[in-house]
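Examining the three-dimensional arrangement
What follows is each chain in one-letter form.
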Amino acid sequence: SCWLVQSRFKPRDVDRWWKIEFEEHRTAHSAPASLSVACGELLGGAPGRQNRDGEWLLRWREAITSEYVRRKRPVNIFIDYSSMPRAVYGPLLIEAFRTSTEMVNSVTFAYVPGEHAGDIDGSRGIEGLRPLVGAEGRSEHDRSAFILGLGYDGVLAQTVLELFQVTHFSCLYADPGVSETSVERALVANAAVIQRAELVATAAAWSVGEALDATLRLSDWYLGARDVLLVPLGPKPHVLAGILAASLRPELGFRFPETSHVRPVQVIVPDGAEPYFTKISQ
């Protein structure tokens, strides 16, 4: 996303910028315009694959280590994760607060809410579920339960339940949402899933803290009898909360769908938008 670094919200007190580019969809929608914006050097020196979380973990580790050595003190990191896959920003969170803790003072996550220009229901085909490196969880029971975060793609949520024959699950969706129609859109898209859920919780679309609390509450309802897998498919702050929950509680497993993009979906930033910030410190 190039919106934040071209806006009045761009942080000024930054010593070094990096940008992240992907090999996929470089000509789709507004991608060429975004790629043309100059903002630092490429993290890792080259574009990477969107879902190679192990690769991004190594890139973050190298960047954090090099900056720590250069500065001779723990670093503060600012990241705009608005248009990043979870396989990219997830490893940063895990690396910063599990492996490189002595080298990181804080990470501030910036989220710019966008609007999907078209219908995304069914825009992705699921090929499987896989863990995020470093957040695999623990298998202590012979049965599991899913905490499913819901977004606008109800077909994807239903497919996850059917493909993996999930019988015990609870849901989390965004309420309030980022727009006047967000909540209704999510409820309509996921009506069948919500009706089958054992528990349903809500959190503001922009609040990592609320989503983290709700995720842990839902997880605690199952822990002790079932392994818990977190599968957030909703807004980015809710996904970030799921990764944070798995970082704090190693018994929780974080899973994300391996999808084939049937079609890229354009996301636009509406007039008057303001980013939401979440600072996580040691």
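Source: prediction; values computed, not measured.

1. Regarding the overall build of the protein chain
If you tally the helices and strands in the protein chain, you get eight helices and 13 strands. The C-alpha radius of gyration of the protein chain comes to 18 Å, within 12% of the 19 Å expected for a compact globule of 282 residues. Expressed along its principal axes, the backbone C-alpha trace of the protein chain runs to roughly 50 × 40 × 30 Å. The buried share among the 282 residues of the protein chain stands at 50%. A separation threshold of at least 6 residues defines the contact pool for the protein chain, and within that pool the share at least 24 residues apart is 80%. On the protein chain, roughly 13400 Å² of surface is accessible, and the fraction owed to carbon and sulfur atoms is 49%. Within the protein chain, the 34 negative side-chain charges are centred at a point lying 5 Å from the centre of the 29 positive side-chain charges.

2. Some remarks on the packing of helix α3 (residues 86-99) against helix α8 (residues 236-248)
Viewed as axis vectors pointing N to C, α3 and α8 meet at an angle of 35 degrees, and their least axial separation amounts to 10 Å. Handedness of the α3/α8 crossing: right-handed. Residues Arg86, Tyr89, Gly90, Leu93, Ile94 and Arg98 of α3 form the contact with α8, whose own contacting residues are Lys236, Val239, Leu240, Ile243, Leu244, Ala246 and Ser247. Of the residues contributing to the contact of α3 with α8, the split by class is eight nonpolar, two polar and three charged.

3. Examining the packing of aromatic side chains
Taken as a whole and judged by the stated rule, the model has nine aromatic pairs. Centroid distance Phe78 to Phe277: 6.3 Å. Interplanar angle 45 degrees. Geometry classified as tilted. Remark: Phe277 occurs in strand β13 (residues 276-281) and Phe78 occurs in strand β3 (residues 75-80); sequence separation between them is 199 residues. Taking the relative accessible area as the measure of exposure, Phe78 reaches 25% and is therefore partly exposed. Ring geometry for Trp221 against Tyr222: centres 5.0 Å apart, planes inclined by 85 degrees, an arrangement best described as edge-to-face. The exposure class of Tyr222 is buried, given its relative accessible area of 3%.

4. Overview of the side chain of Arg86
The topology assignment puts Arg86 in helix α3. Asp153 provides the closest opposite charge to the buried, salt-bridge-free Arg86, at an N-O distance of 10.0 Å. Those residues in contact with Arg86 that sit more than four places away from it in its chain are Pro91, Leu132, Pro232, Val239, Ile243, Phe254, Phe256 and Pro257.

5. As for α3
Each full turn of the α-helix corresponds to 3.6 residues, which orients residues three or four apart in the same direction. Across its 14 residues, α3 extends 18 Å between first and last C-alpha, which sits within 8% of the 20 Å expected from 1.5 Å per residue. Among the 14 residues of α3, twelve are classified as buried, and the element is accordingly described as predominantly covered. Residues Arg86, Ala87, Val88, Tyr89, Gly90, Pro91, Leu92, Leu93, Ile94, Glu95, Ala96 and Phe97 constitute the buried set of α3.

6. Concerning the side chain of Arg130
Within the secondary structure layout, Arg130 lies in strand β6 (residues 124-131). A polar side-chain atom of Arg130 sits 2.8 Å from a polar atom in the side chain of Asp53. Within polar-contact distance, the side chain of Arg130 engages the side chain of Glu258 at 3.3 Å. Apart from residues lying up to four places away in sequence, Arg130 is in contact with Asn51, Arg52, Asp53, Phe254, Arg255, Phe256 and Glu258.

Rules and cut-offs
- Residues numbered from 1 in each chain as written.
- Predicted model: local features only at pLDDT ≥ 70, side-chain atom pairs only at ≥ 80, totals over all residues.
- Heavy atoms only, no water.
- Helix = DSSP H or I, 4+ residues; strand = E, 2+ residues; numbered from the N terminus.
- Rg over C-alpha atoms; globule rule 2.2 N^0.38 Å.
- Buried < 20%, exposed > 50% of the residue type's maximum accessible area, 1.4 Å probe, protein only.
- Contact = heavy atoms within 4.5 Å.
- Areas by Shrake-Rupley, 256 points an atom, 1.4 Å probe, with all protein chains shown as cover.
- Lys, Arg positive; Asp, Glu negative; His and termini not counted.
- Charge placed at Lys NZ, Arg CZ, Asp CG, Glu CD.
- Axes fitted to C-alpha atoms, helices over the stretch in contact; angles between N-to-C directions.
- Left-handed = near helix turned anticlockwise from the far one by under 90°.
- Nonpolar A, V, L, I, M, F, W, Y, C, P; charged D, E, K, R; others polar.
- Phe/Tyr/Trp six-rings, centres within 6.5 Å; stacked < 30°, edge-to-face > 60°.
- Salt bridge = Lys/Arg side-chain N within 4 Å of Asp/Glu carboxyl O.
- Expected span 1.5 Å × (residues − 1).
- Polar contact = N/O pair within 3.5 Å; in protein donor to acceptor, adjacent residues only side chain to side chain.

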